[in-house]
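Below, each chain spelled out in residue letters.
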Amino acid sequence: MMTLHGFAASNYYNLVKHVLLYKQLPFTENLIYGGSEELLAISPAGKVPVITTQEGLYLSESSVICDFIEETSPAIPLYPDNAGERAVVRQIMKMAELYFELPSRRLIPYVFSGAEIPESVKTEVRQVLTRGVTALSRLCQFSPWIAGEQFTMADIYVYYVNTIVSAFGSSQLNWDVLAEIPGMKQWNDAMSQTVIAQQVEADRLANMPDFMQKVKAQIQAANAG
């Protein structure tokens, strides 16, 4: 049985968890936070999530983990059969990560520390997000799923990317980023109503108080130093 290491407040942890649940795979969860020696022992970059495979192999980076799960458990597929269509799915995922998730993530340290975000940072983040809006508007179909008729890995991936965009990008820039992409908000709302997404969200909310306590402790320790 696989073990999923990390914490439910992490969108990338939840992404992998959603994939495991969708594929109906048995797994256990091990609560572990960033910055711990325990995590560094199993994750080369000290990042969440990590999985322990049935063979005892440790794997990190969500995209790598998702591909491993797909390759080893193909019975409930999350990629199309056609190579070109698979590439389109991966293209959507990469665009969302580079031009949606990563720029929005730049704002997290300011939000958690209560520091004012410099206008130069806001401008840079807005520029990258605008690039993402343009790219995803061209790529996403929402008919009814993000890459067409088949529910794919891109649906799960982008949904959890959007949690960061909405929580930090949109809120700090006073800009409803998802609304800029035709069909994105309606699709995102539909995703949030699925049984698995609601289960993952319930676990996220349950973990948030403990996670925020850890964050505050880290900030206090950094300021004291």
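Values in this document were obtained by computation on a predicted structure and should not be read as measured data. (Residues numbered from 1 in each chain as written. Predicted model: local features only at pLDDT ≥ 70, side-chain atom pairs only at ≥ 80, totals over all residues. Heavy atoms only, no water.)

S.K.: Describe the pairing of strand S1 (residues 2-6), with residues and values.
M.R.: With 5 of its 5 residues buried, S1 lies for the most part within the structure. Burial along S1 is two-sided: Met-2, Leu-4 and Gly-6 and Thr-3 and His-5, pointing in opposite directions, are all buried. Sheet topology places S1 next to strand S2 (residues 27-31); 5 bridges connect them, and they run parallel. The residue of S2 that forms the bridge with Thr-3 is Thr-28. For the crossover from S1 across helix H1 (residues 11-22) to S2, the handedness is right-handed. Across 3 bridges, the pairing between S1 and strand S3 (residues 50-52) is antiparallel. Counterpart to His-5 in the pairing with S3 is Val-50. (Buried < 20%, exposed > 50% of the residue type's maximum accessible area, 1.4 Å probe, protein only. Helix = DSSP H or I, 4+ residues; strand = E, 2+ residues; numbered from the N terminus. Pairing = 2+ DSSP bridges. Right-handed = clockwise from strand over helix to strand, strands pointing away.)

S.K.: An account of the packing of H1 against helix H7 (residues 153-173) is needed here, citing residue identities and associated values.
M.R.: Their axes nearest at 9 Å, the elements H1 and H7 cross at an angle of 155 degrees. With respect to H7, the axis of H1 lies roughly antiparallel. Our pair here, H1 against H7, has a crossing hand that is right-handed. From H1, Asn-11, Tyr-12, Asn-14, Leu-15, His-18 and Val-19 reach across to H7, where they touch Met-153, Ile-156, Tyr-157, Tyr-160, Val-161, Thr-163 and Ile-164. Taken together, the residues of the contact of H1 with H7 sort by class into 9 nonpolar, 4 polar and no charged. (Axes fitted to C-alpha atoms, helices over the stretch in contact; angles between N-to-C directions. Parallel < 35°, antiparallel > 145°, perpendicular 65-115°, else oblique. Left-handed = near helix turned anticlockwise from the far one by under 90°. Contact = heavy atoms within 4.5 Å. Nonpolar A, V, L, I, M, F, W, Y, C, P; charged D, E, K, R; others polar.)

S.K.: Explain the environment of Thr-130 residue by residue, including any values.
M.R.: For Thr-130, the location among the structural elements is in helix H6 (residues 119-139). Residues Thr-130 and Ala-147, spaced 17 residues apart in sequence, show a C-alpha to C-alpha distance of 20 Å.

S.K.: Before we move on, could you go through the packing of H7 against helix H8 (residues 184-192) and cite the residues and values that matter?
M.R.: Where H7 meets H8, the closest approach of the two axes is 11 Å, and the angle between their N-to-C directions is 100 degrees. When the interaxial angle is binned, H7 and H8 end up roughly perpendicular. Between H7 and H8, the contacting residues are Asp-155, Ile-156, Val-158, Tyr-159 and Asn-162 on the first element and Met-184, Trp-187, Asn-188, Met-191 and Ser-192 on the second. Here the contact of H7 with H8 is built from residues that sort into 6 nonpolar, 3 polar and 1 charged.

S.K.: Summarise the packing of aromatic side chains; cite the residues concerned and give the values.
M.R.: Counted by the stated rule, this structure contains 10 aromatic pairs. Geometrically, the ring pair formed by Tyr-159 and Tyr-160 is edge-to-face, given 4.9 Å between the ring centres and 80 degrees between the ring planes. Tyr-160 carries the same exposure label as Tyr-159, and that label is buried. Its guanidinium or amino end placed over the ring of Tyr-79, Arg-90 lies 4.4 Å from that ring's centre, counting from NZ or CZ. (Phe/Tyr/Trp six-rings, centres within 6.5 Å; stacked < 30°, edge-to-face > 60°. Lys NZ or Arg CZ within 6 Å of the ring centre and 35° of its normal.)

S.K.: Would you mind going over helix H3 (residues 62-72) in detail, with residue names and values included?
M.R.: Along H3, the residues classified as buried are Ser-62, Ile-65, Cys-66, Ile-69 and Glu-70. One side of H3 holds all its buried residues, which, seen down the axis, span an arc of 135 degrees. Looking at the buried residues of H3, the elements they touch are H1, S3, strand S4 (58-60) and H7. (Arc of directions from axis to C-beta.)

S.K.: An account of the sheet that holds S1 is requested, with residue identities and associated values reported.
M.R.: Strand order in the open sheet formed by 4 strands is S2-S1-S3-S4, and the pairing between neighbours is mixed. Because the sheet does not close on itself, it has two edges, and the strands there are S2 and S4. Across the sheet, the mean angle separating the axes of adjacent strands is 25 degrees when strand polarity is ignored. Pairing of S3 with S4, which is carried by 3 bridges, proceeds in the antiparallel orientation. Each bridged residue has a counterpart across the sheet, and for Ile-51 the counterpart in S4 is Leu-59. Along the sheet, H1 contacts S1, S2 and S3; its crossing angle with S1, the most-contacted strand, is approximately 160 degrees.

S.K.: An account of the environment of Gly-56 is requested, with residue identities and associated values reported.
M.R.: Of note, Gly-56 is situated in the loop between S3 and S4. Looking at Gly-56, the relative accessible area reads 42%, which means it is partly exposed. Separated by 54 residues in sequence, Gly-56 and Met-2 have C-alpha atoms that sit 8.5 Å apart.

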